[in-house]
Amino acid sequence: MLRLLKVGVLILLFLAFLDPRWPMPGRVVYLLDFSPSARESVFALADRLPRDGIYVAFAERAVRLPSPTARRLDLGERTDLKAAFQEAEALRPSRVVLVSDGLFEPISAPFPLDAVYVPPKPHVAVELVPPPYPLYGETVGVGVVLEAPLSVEARLRVEGPAGTWERSLRVEGRKSLAYTFSLTEKAEVWAVVEGSWGRSEAQVSLQPADRGRALVLGDPALARYLEAQGFQVEEGPFRLPLEADLVAVGLGVLDLPEGAPEALRSYLRQGGGLLFTATPKGLFFGGWDRALPEDLPLKPLGRKGAALVLVMDVSGSMEGEKLSLAVAGALELVRSAAEEDYLGVVLFSSTHRVLFPPRPMTEQGKKEAESLLLSVRAGGGTVLGSAFREAVRLLQGVPVERKGILVLSDGLISDPQDPILALAEASGLEVSAMALGADADRAFLKVLAERGGGRYYQAATAQELPRLFLKEGQEVFQGEGLEGRFPVKARLHPLAQGFSPPPLSVLLPARAEPWAEVVLESDGRAVLALGERGEGRVAALATDLSRSWRGWKEAASFLGGLARYLMGGKKAMALYAYPEGKGVRVVVLGHLERPLFLSEGQEMPLVPTGPGRYEIQAPAAPGVLLDGSRRLPLAFPLPGEWTPRDGKLVLKTLAEASHGRLLALEDLGQPGSSPLPLRPYLLALALALFLLERLLEARSFARKA
């Protein structure tokens, strides 16, 4: 007997370790999807649902139903699965069954979940997505986003400033269209989609966020085009700081104040927009390919090159500031020369010295020339004749057609002047002269320039020398323009889409730099090229707008689009938003100061993640982007009630992740169970047998005693 009791205790302990459970009748909670996409299918199978279950209907809210056939149409227009799970969990169910079309973002179930799939209602939802930062006069596009979980025929009508769209189409999944128009005032856009399934509609208001500010220098034709596009146009003067969104340059380097090239380079690199046009004073004629060689997207094509020898006075009177500024001017000549140009320097005082003969101004040639110029020292008299004859001799073997000499002096020439004048007249070279200060031999230098067919410059102070040297270089190392009729071909570029520019009347032969993108071309020559430098955008147009495109009706629209693109680095923004986790990842690209995202009364700073790039994880709700005084409502297409998904796969994944399964309709009547844990009872019985065994063993021992 005692042995049997011991065996029984061991068996009971082993069973308790296995933790067996006894099936008992349980509570089954049915979650019925009453959202607009699913409720009709759920209503249709209500009679097939068991009467002994507990029913919870949900959409945006969740409520308990008295019976499976009860109807609720007041629970909202979207699907909130979290609310349904919370309501079910409070009922302490033994089993939960979700009846839905699966058109929602899945979340983890806090309990084992079975699911039943029902097909969604045929429907097309429409949403209008406005541009994030529309400018005054801009051709904007309002996104028309159609979503249908099932393939369905629909009729779309869109109304707004561009008139009425009407079209019939089949929608399956997501389809996006663009309704475009010119924004010059507050605008309303309506969209209506109708079909056998019913009707859906959307509306959006647009207010111009700002008018682009353009500073136009020396190109009245461009100024009129931009004014027609709604820009605030100011036609000079050039002054610092540059506060415009776009600076258009139709003047030359020397037509602007000293330091203008450096200011424009800094403006561009910090996010500004630059446009160079080929007026008679602009682009290559204005020397911008030399003043901003790294930032101009076009370079002259087929330039023949020129040669210039600088004959520079280094007598004792030039010592100090005069010589320093003369050298600075000579360095401007070096910088303004192209690779096909030749430059040489001959120094004169009591005797002459060839600092370096005419050589191509390649990168290496420029470096060597700059180094030699910085080594120049002053001293001695003012003897010009031998230096001038040497300059003429040096130019004889240079393989270019245009050749010139520039003579600089600040004193009286001490040697005979007539032989110099005769040689200048007979040499066939362009001879220019520059008089520095009140003591210069102005009369002789002026006659020298007249007899030599060049230009005469007079510098009252040494500070004027660098710009005068640059002006002479601009005259000698100039580009060439062509007149005629030049057909234009548009490349595959968003700025040229929908435009067919007519032929040009004038064209500067040009090629695009490797970093630039060609938008328009003519017989292999670049007409319009653009690119990014630093945080800004720059473009060059190789034609004169006062003579080309005067009869082209779309010229203003094309140039307005170009201007808005260029100012985009400083003014406009690009917005991207996509679901991530329980919210939305917002990415903003643009030139911002201290951007904040305001949503549901909470301000959240955007985090800089790169140059001109800011990001934030935001709640899935509309918000406003705050940046200084700007307030930009952010509307983005989030997954909605009718967002196409594989609902059956969503339900299967959700159920299996919670250790449930996807059921067929015939499985709905299976009773629920609430398993009873047997471990406590087995342990109690094992304890009782153990005590009984101990009691019997004690009695047996007492009898034997």
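An unreviewed UniProt entry annotates the protein as VWFA domain-containing protein of Thermus scotoductus.

A. Geometry of the pattern of salt bridges. Following the criterion strictly, the structure yields 26 salt bridges and no others. Between Arg-95 and Asp-114 there is a salt bridge, with the nearest N and O atoms lying 3.3 Å from each other. With Arg-95 in strand β5 (residues 95-100) and Asp-114 in strand β6 (residues 113-117), this pair connects stretches of sequence that are 19 residues apart. When its relative accessible area of 11% is taken as the criterion, Arg-95 is described as buried. Here Glu-368 and Arg-359 are joined by a salt bridge, their closest N and O atoms 2.7 Å apart.

B. Structural context of the packing of helix α7 (residues 321-336) against helix α8 (residues 363-373). The N-to-C vectors of α7 and α8 enclose an angle of 175°; their axes lie 10 Å apart at closest approach. Classified by the angle their axes make, α7 and α8 are roughly antiparallel. Across the interface between the two elements, Val-327, Ala-330, Leu-331, Val-334 and Arg-335 of α7 pack against Lys-366, Ala-369, Glu-370 and Leu-373 of α8. Classifying every residue of the contact of α7 with α8 gives 6 nonpolar, no polar and 3 charged.

C. Inspection of the sheet that holds strand β27 (residues 517-522) at higher detail. Strand order in the open sheet made by the 8 strands is β13-β12-β14-β15-β29-β28-β27-β24, with mixed pairing throughout. Strand pairing shows two members of the sheet lacking a second neighbour, β13 (232-234) and β24 (489-490), which therefore form its edges. The sheet contact formed by strand β14 (residues 246-249) and strand β15 (residues 273-277) spans 4 bridges and is parallel. Along β15, the bridge assignment pairs Val-247 with Leu-274. Helix α13 (residues 555-566) contacts β14, β15, β27, β28 (525-533) and β29 (536-541) of the sheet and is inclined by roughly 150° relative to β29.

D. Inspection of the packing of helix α9 (residues 385-395) against helix α10 (residues 418-426) at higher detail. At their nearest, the axes of α9 and α10 sit 10 Å apart, and the two run at 15° to each other. By the criterion of interaxial angle, the relationship of α9 to α10 is roughly parallel. For the pair α9 and α10, the sense of crossing is left-handed. Of α10, the residues touching α9 (which contributes Gly-385, Phe-388, Arg-389 and Val-392) are Ile-420, Leu-423 and Ala-424. Along the lines of polarity and charge, the residues of the contact of α9 with α10 split into 5 nonpolar, 1 polar and 1 charged.

E. Local environment of the pairing of β27. Most of β27 is tucked away: 5 of the 6 residues are buried. As paired elements, β27 and β28 share 5 bridges and run antiparallel to each other. Bridged to Ser-522 within β28 is Arg-525. Hairpin geometry of β27 and β28 is characterised by an intervening segment of 2 residues between the two adjacent antiparallel strands and by a positive phi of about 50° at Asp-523.

F. Just α13, in detail. The end-to-end C-alpha separation of α13 is 16 Å, in line with the 16 Å expected for 12 residues at 1.5 Å each. Within α13, 9 of the 12 residues are buried, which leaves it mostly tucked inside the rest of the structure. Listed as buried for α13 are Ala-555, Ala-556, Phe-558, Leu-559, Gly-560, Leu-562, Ala-563, Arg-564 and Leu-566.

G. Broad picture of the environment of Ser-176. Position of Ser-176 relative to the elements: it lies in strand β9 (residues 163-182). A relative accessible area of 53% means that Ser-176 is categorised as exposed. Distance in space between the C-alpha atoms of Ser-176 and Leu-146 is 6.2 Å, their sequence separation being 30 residues. Beyond its immediate stretch of four places on either side in the chain, Ser-176 contacts Val-144 and Val-145.

H. How the structure looks around the pairing of β29. Most of β29 is tucked away: 6 of the 6 residues are buried. Of the two faces of β29, the one holding Gly-536, Val-538 and Ala-540 and the one holding Arg-537, Ala-539 and Leu-541 are both buried throughout. Where β15 lies against β29, 5 bridges are found, and the strand directions are parallel. Residue pairing in the sheet places Leu-275 in a bridge with Ala-539 of β29. With 6 bridges connecting them, β28 and β29 associate as antiparallel partners. Following the sheet pairing, Leu-530 is matched in β29 by Ala-539. Linking two consecutive strands that pair antiparallel, namely β28 and β29, is a turn of 2 residues; a positive phi of about 65° is found at Gly-534 within it.

I. Broad picture of the sheet that holds strand β17 (residues 306-313). If you walk across this open sheet you meet the 6 strands as β19-β18-β17-β20-β21-β22, and the pairing is mixed. What marks the edges here is a single partner per strand, and that holds for β19 (352-360) and β22 (453-459). Along the sheet, successive strands turn relative to each other by an average axial angle of 10°, direction set aside. Sheet topology note: the strand β18 (residues 342-348)/β19 ladder contains 6 bridges and is antiparallel.

J. Seen up close, helix α11 (residues 442-452). Every buried residue of α11 is listed here: Phe-444, Leu-445, Leu-448, Ala-449 and Gly-452. The buried residues of α11 occupy one face: seen down the axis, they fall within an arc of 135°. The outward face of α11, more than 90 degrees from its buried face, is lined by the exposed residues Ala-443 and Glu-450. In the core, the buried residues of α11 are packed alongside α9, β20 (402-409), α10, β21 (430-436) and β22. Taken from the residues just after α11, Gly-453 is the one with a positive phi, measuring 70°.

K. Inspection of the nonpolar core at higher detail. Val-247, Phe-276, Leu-283, Trp-288, Trp-549, Leu-559 and Leu-562 are the most contacted members of the largest nonpolar core, which totals 72 residues. Those residues in contact with Leu-559 that lie beyond four places of it in its chain are Leu-222, Tyr-225, Leu-226, Leu-541, Leu-545 and Trp-549. In this structure, Val-314, Leu-343, Leu-355 and Ala-369 belong to the second largest nonpolar core, which totals 32 residues.

What counts and how
- Residues numbered from 1 in each chain as written.
- Predicted model: local features only at pLDDT ≥ 70, side-chain atom pairs only at ≥ 80, totals over all residues.
- Heavy atoms only, no water.
- Salt bridge = Lys/Arg side-chain N within 4 Å of Asp/Glu carboxyl O.
- Helix = DSSP H or I, 4+ residues; strand = E, 2+ residues; numbered from the N terminus.
- Buried < 20%, exposed > 50% of the residue type's maximum accessible area, 1.4 Å probe, protein only.
- Axes fitted to C-alpha atoms, helices over the stretch in contact; angles between N-to-C directions.
- Parallel < 35°, antiparallel > 145°, perpendicular 65-115°, else oblique.
- Contact = heavy atoms within 4.5 Å.
- Nonpolar A, V, L, I, M, F, W, Y, C, P; charged D, E, K, R; others polar.
- Pairing = 2+ DSSP bridges.
- Left-handed = near helix turned anticlockwise from the far one by under 90°.
- Expected span 1.5 Å × (residues − 1).
- Arc of directions from axis to C-beta.
- Core = buried A, V, L, I, M, F, W, Y, C linked by side-chain atoms within 4.5 Å.

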